[in-house]
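Residue strings, one per chain:
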Amino acid sequence: MISDVPGIARVAAYYAEVWETTEDVLSTETLHCIRHAGGATIGAFDGDELIGATTGLFCPDGSVYSMIAAARSGVGHPLKVAQKDWAVGLGARSMRWTYDPLVARNARFNLVKLGAVAVEYTVDFYGPMRDGVNDGDESDRLTVRWDLTGSREPRESLPAGEVFRTAPDGEPLARTDGERIWCRVPHDVVRVRKESAELARQWREAVREVFVDAFARGCVATSMSRDGWYGLERL
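Please read these numbers as outputs of a predicted model, since none were measured by experiment.

*Asks:* Honestly, the overall build of the protein chain in this entry has me stumped. Any pointers?
*Replies:* Helix and strand content of the protein chain: 6 helices and 11 strands. Against the 2.2 N^0.38 benchmark of 18 Å for 235 residues, the protein chain shows a C-alpha radius of gyration of 18 Å, consistent with a compact globule. Seen through its C-alpha atoms, the protein chain measures out along the principal axes to roughly 55 × 40 × 30 Å. Counting only residues that meet the buried cut, the protein chain has 48% of its 235 residues in that class. Taking the contacts inside the protein chain whose residues are at least 6 apart along the sequence as the reference set, 60% of them involve residues at least 24 apart.

*Asks:* Any chance you could explain the environment of V64 here in plain terms?
*Replies:* By secondary structure assignment, the location of V64 is in strand β3 (residues 64-71). Residue class for V64 comes out buried when judged on its relative accessible area of 0%.

*Asks:* How should the pattern of salt bridges be read in this particular structure?
*Replies:* Side chains that differ in sign of charge can pair as their charged atoms come close. Within this structure, the stated rule accounts for 14 salt bridges. A salt bridge links E205 to R201, with the shortest nitrogen-to-oxygen separation between them at 2.8 Å. A residue pair is termed a helical-turn pair when its members lie 3 or 4 positions apart in one helix, as E205 and R201 do in helix α6 (residues 197-216) at 4 residues. When its relative accessible area of 34% is taken as the criterion, R201 is described as partly exposed. Of the charged contacts in the structure, one is a salt bridge between R217 and D213, with a shortest N-O distance of 2.9 Å.

*Asks:* Can you help me understand the packing of helix α1 (residues 5-18) against helix α2 (residues 28-36) in this one?
*Replies:* Relative orientation of the contacting elements α1 and α2 amounts to 120 degrees, with a least axis distance of 9 Å. Between α1 and α2, the angle is such that the two are oblique. By crossing handedness, the relation of α1 to α2 is classed as right-handed. Within the contact between the two elements, α1 uses V5, I8, A9, V11, A12 and Y15 and α2 uses T28, L31 and H32. A per-class count over the contact of α1 with α2 returns 7 nonpolar, 2 polar and no charged.

*Asks:* Looking at this structure, I do not really get the environment of F45. What am I missing?
*Replies:* Relative to the assigned elements, F45 resides in strand β1 (residues 40-46). A relative accessible area of 42% means that F45 is categorised as partly exposed. Excluding anything up to four places from it in sequence, F45 contacts I2, R10, L50 and I51.

*Asks:* When you look at helix α4 (residues 104-113) in this model, what are you seeing that I'm missing?
*Replies:* For an α-helix, the turn length of 3.6 residues means that residues three or four places apart are oriented alike. Taken residue by residue, α4 has A104, A107, R108, N110 and L111 as its buried positions. Directly after α4, the chain includes G115, whose backbone phi takes a positive value near 80 degrees.

*Asks:* Even after reading the chapter, I still don't get the packing of aromatic side chains, so can you show me in this structure?
*Replies:* Within a pair of aromatic rings, the relevant descriptors are the distance that separates the centres and the angle that separates the planes. Taken as a whole and assessed by the stated rule, the structure comprises 8 aromatic pairs. Plain terms: the ring middles of F58 and W86 are 5.4 Å apart, the flat faces sit at 65 degrees to each other, and that makes the pair edge-to-face. Of the two residues, F58 is situated in strand β2 (residues 49-58) and W86 in helix α3 (residues 76-89); the sequence distance between them amounts to 28 residues. Classification of W86 by relative accessible area gives buried; the value is 11%. Joined through ring pairs, the aromatic side chains of Y121, F211, F215 and Y230 make up one cluster. Against the face of W97 rests K80, its NZ or CZ located 4.0 Å from the ring centre.

Scoring rules and cut-offs
Residues numbered from 1 in each chain as written. Predicted model: local features only at pLDDT ≥ 70, side-chain atom pairs only at ≥ 80, totals over all residues. Heavy atoms only, no water. Helix = DSSP H or I, 4+ residues; strand = E, 2+ residues; numbered from the N terminus. Rg over C-alpha atoms; globule rule 2.2 N^0.38 Å. Buried < 20%, exposed > 50% of the residue type's maximum accessible area, 1.4 Å probe, protein only. Contact = heavy atoms within 4.5 Å. Salt bridge = Lys/Arg side-chain N within 4 Å of Asp/Glu carboxyl O. Axes fitted to C-alpha atoms, helices over the stretch in contact; angles between N-to-C directions. Parallel < 35°, antiparallel > 145°, perpendicular 65-115°, else oblique. Left-handed = near helix turned anticlockwise from the far one by under 90°. Nonpolar A, V, L, I, M, F, W, Y, C, P; charged D, E, K, R; others polar. Phe/Tyr/Trp six-rings, centres within 6.5 Å; stacked < 30°, edge-to-face > 60°. Lys NZ or Arg CZ within 6 Å of the ring centre and 35° of its normal.

Rendered as structure tokens:
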């Protein structure tokens, strides 16, 4: 865990670098307040180089809310396990966090690698964002819940059934077999945003429509295929 003043400042700068902004993502002062209130910032290092960090705090229900996480490829899983160990050591039974539903690699990490479940879809969660990764896009977010007391074995849920919506690229967006729903997202939405804000907006609105309807029907997101298809089902 990182608790010293220089270390916390270094993490704040790291978050700003990852999100490609000169403004604070979480300021040094905010990170110190989180630590002082019983939360924690955990870092991953390669020698002296900071290559990942995550910050979390406790909630009134005894769960942990993971506010932010960033890491070099291959570092995210051990970093998240370290955060889990910290949380379980203090009595937490579950952890929650949010992520952009259009970011397929994060979906696969959260739902398949960790075995978490996406339980809530919120439209424009933060309002307008001004960082270099999200600027110009609405900040829809999925909330995931990770059970820290057991393990869920996610199934590779490949898309099947009838196509009922078409994506902005003209290919199938959503399928259903009457019980489950599958919804496709772009391979790399960050690149799509940089190449065409209008196309990114179309993807946002198309995926939002599928998810809002599916969650209203009692579905949650439980899987993400290697080629970008979410699996949604009732548990």
